[in-house]
Structure formats: C-alpha cells, structure tokens
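Tertiary structure, described
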Amino acid sequence: RLERFLILCAEDNMFVTNPTTPAQYFHLLRRQVLNRVDKPLVVMTPKSLLRLPAARSVNSEFTSGKFMEVIDDNSIKDKKSINRVVLTSGKVYYELLKYKEINEITDTAIVRLEQYYPYPGNQIREILKSYPSAKKVNWVQEEPQNMGAWNFLYPRLMNDLAKGQKINYVGKPESPSPSPGSAKIFNQMQEDLVKKAFK
C-alpha cells in the first residue's frame, strides 16, 4: 500500500522508491549503504519483475552508473516531435512500452519515476521542459485513484509542468479495494488503462 508510506513522508525522513530494473535495484541498495544516513528505505518493486524478460540489465549497467531517480525515454531522437508525455512508475511501465512498440506510437515519451520521496522535482521539471511540443502529461498508475502515488504527486507535479502543459490522471477510479478480485476483470482493466494512457 504505497499511499500509506507516502503520507508519512516529511522532512526527508525516508526514501520511497520503485526501481524497474535489476541495475536500478542494485545501485539503490548501494546508495543506501554508501550514504551512511540512517533513514528507512521503502522499495515497492513487485516480485513479478524478477521473472519478466524485459526487466533486465546488461553487465555494464551494474559496473558503472548510479541510481537514477527519474529515467527519461532514451528511445526518443527528436524531442520536438513528442506531443504527449506518459509519466509512470513500476511494472506498468513494461505494459505501456509493449503497447507503444506494437502500435508503433512515435509521438509519446514514457518517463519513469523511480523515486517518489524525496521527490525529485528538479529532474521532473527539466525532463518535462525538454518536450516543448508536449502539452499533455498523463500520470499512469495501476492502483485506484484514492491509492497509489496520485494524491501525493498531483500538487507537486502541478508545480513542475512546463508552460502550456496539463496533467491528467490515467488509472482506475476510486475503490475501497486495491483489486477487483477477478483475474478476468483485472486484465481487462489493465488493457483499458494502457490504451487510455496514449490518448
């Protein structure tokens, strides 16, 4: 329950993260040890990424680099051609990436937020500013609207939008339960969510 950790965040009292690759996870743990600051580290990465072939890192990513709090879309060659930025976190990124590749969508960038708190506002601001033609920014999450990171991020993202940009919520409606309890319904909701992210 990500939102329960986020409401406890204040005065840089903890780290709340959601790394999407093995190298990111490695560098996150390494940073935690090297920081020598006694703060809790919350890692929201699900077990399903351990088995996902797309969630892999090459050797060089372990031996060099560092933990990236935000990961820009490195597949974009011309940022001026981007009309929409999909901002997301966690394993839903891979579903969004697969849908984008299958449907050959070229006007959308997918940006990953790997650390919720401390919130990396400067990095978010710079990345959003680098897409001058993108007027729509979609925050995509798997959790219902009253759960997950939306309520925590919304006021912060509002301050980091570039001129003319608008933030939209893409996810499930509010719910008293984190899941519908039916695999069939869940899968259909996931498909609808991914399609809506690119609209």
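Residues numbered from 1 in each chain as written. Predicted model: local features only at pLDDT ≥ 70, side-chain atom pairs only at ≥ 80, totals over all residues. Heavy atoms only, no water.

Here we look at the overall build of the chain
The line we're drawing: Helix and strand assignments follow DSSP, with helices taken as H or I runs no shorter than four residues and strands as E runs no shorter than two, numbered in order from the N terminus. With C-alpha atoms as the basis for the radius of gyration, the globule rule is written as 2.2 Å multiplied by the number of residues raised to the power 0.38. Throughout, the Shrake-Rupley method with a 1.4 Å probe supplies accessible areas, and for residues the shown protein chains are the sole cover considered. Counting rule applied: Lys, Arg positive; Asp, Glu negative; His and chain ends not counted. Charge placement uses NZ in Lys and CZ in Arg. For Asp and Glu, CG and CD serve respectively.
Tallying secondary structure elements over the chain gives seven helices and eight strands in all. For the chain, the C-alpha radius of gyration of 17 Å lies close to 16 Å, the compact-globule estimate for 199 residues. Counting only C-alpha atoms and orienting by the principal axes, one finds that the chain spans roughly 45 × 40 × 35 Å. As presented, the chain carries roughly 11,300 Å² of accessible surface, and 53% of it is formed by carbon and sulfur atoms. Of note, the chain has its 30 positive side-chain charges centred 1 Å away from the centre of its 21 negative side-chain charges.

Quick word on the environment of V42
As a reminder of what qualifies: Throughout, a contact is declared for two residues whenever any of their heavy atoms are within 4.5 Å.
Position of V42 relative to the elements: it lies in strand 2 (residues 41–43). Separated by 23 residues in sequence, V42 and P19 place their C-alpha atoms 11 Å apart. Excluding anything up to four places from it in sequence, V42 contacts F5, M14, F15, V16 and T17.

A closer look at the nonpolar core
For soluble globular proteins, nonpolar side chains are generally found buried alongside one another. In plain terms, the rule: What we call a nonpolar core is a set of buried Ala, Val, Leu, Ile, Met, Phe, Trp, Tyr and Cys residues that are connected through their side-chain atoms within 4.5 Å. To sort residues, take the accessible area from a 1.4 Å probe on protein chains only and compare it with the maximum for the residue type: under 20% means buried, over 50% means exposed, and anything in between is partly exposed.
Core analysis: the biggest nonpolar cluster contains 32 residues, and L6, V16, Y116, I124, Y131, W139 and L153 have the highest contact counts within it. Mapped by element, the contributors of at least two residues to this core are helix 1 (2–6), strand 4 (84–88), strand 5 (108–113), strand 6 (115–117), helix 5 (121–129), strand 7 (136–144), helix 6 (150–160) and strand 8 (166–172). Looking at which element gives the most residues to this core, the answer is helix 6, with four residues. Counting residues in each nonpolar core, the second largest holds 15 residues, with L49, V194, A197 and F198 among its members.

As for helix 5
In plain terms, the rule: Each C-beta atom gives one direction from the helix axis, and the arc is the one those directions make.
Of all the positions in helix 5, only G121, I124, I127 and L128 are classed as buried. Relative to the axis of helix 5, the buried residues are bounded by an arc of 135° and lie together on one face. Residues of helix 5 that are exposed and point more than 90 degrees away from the buried face comprise N122, E126 and K129. Buried positions along helix 5 lie against strand 3 (70–71), strand 4, strand 5, strand 7 and helix 6.

Quick notes on unusual backbone geometry
Note the cis peptide between Y117 and P118, where omega equals -5°. By secondary structure assignment, the location of P118 is in the loop between strand 6 and helix 5. The phi dihedral of E11 is positive, around 55°, even though this residue is not glycine. Of note, E11 is situated in the loop between helix 1 and strand 1 (15–17). One non-glycine residue, D12, lies in the positive phi region at around 55°. Along the chain, the position of D12 falls in the loop between helix 1 and strand 1.

Regarding the sheet that holds strand 6
The cut-off we apply is this: DSSP-based pairing: two strands are paired if at least 2 bridges between them are found. Lines are fitted to the C-alpha atoms to define the axes, a helix being fitted only along its stretch in contact, and any angle between axes, read from their N-to-C directions, falls within 0 to 180 degrees.
One open sheet holds the three strands; their spatial order is 2-1-6, and the pairing between them is mixed. Either end of the sheet is taken by a strand with one partner, and the two such strands are strand 2 and strand 6. The sheet shows a mean angle of 25° between the axes of neighbouring strands, taken without regard to direction. Examined bridge by bridge, strand 1 and strand 6 share two bridges and lie antiparallel to one another. Looking at the pairing, T17 lines up with Q115 of strand 6.

Structural notes on the packing of aromatic side chains
Rule in force here: Only Phe, Tyr and Trp rings take part, Trp by its six-membered ring, and two of them pair if their centres are within 6.5 Å. Stacked means planes under 30 degrees apart, edge-to-face means over 60, and tilted covers everything else. Comment: the charge-over-ring label is applied if NZ (Lys) or CZ (Arg) is within 6 Å of the ring centre and within 35 degrees of the ring normal.
Following the criterion strictly, the structure yields six aromatic pairs and no others. Their ring planes at 70° and their centres at 5.0 Å tell us that Y93 and Y94 sit as a pair that is edge-to-face. Look at W150 and Y169: their rings are 5.3 Å apart centre to centre, the planes differ by 50°, and that puts the pair in the tilted class. Here W150, found in helix 6, pairs with Y169, found in strand 8; they are 19 residues apart in sequence, far enough to count as distant. According to the relative accessible area criterion, W150 is buried, its value standing at 9%. What makes Y169 buried here is its relative accessible area of 15%. Among the aromatic residues, those joined into a ring-pair cluster are W150, Y154 and Y169. Residue placement shows K79 over the ring face of Y131; its charged tip is 4.6 Å from the ring centre. The residue whose ring lies beneath R112 is Y93, and the NZ or CZ to ring-centre distance is 4.0 Å.

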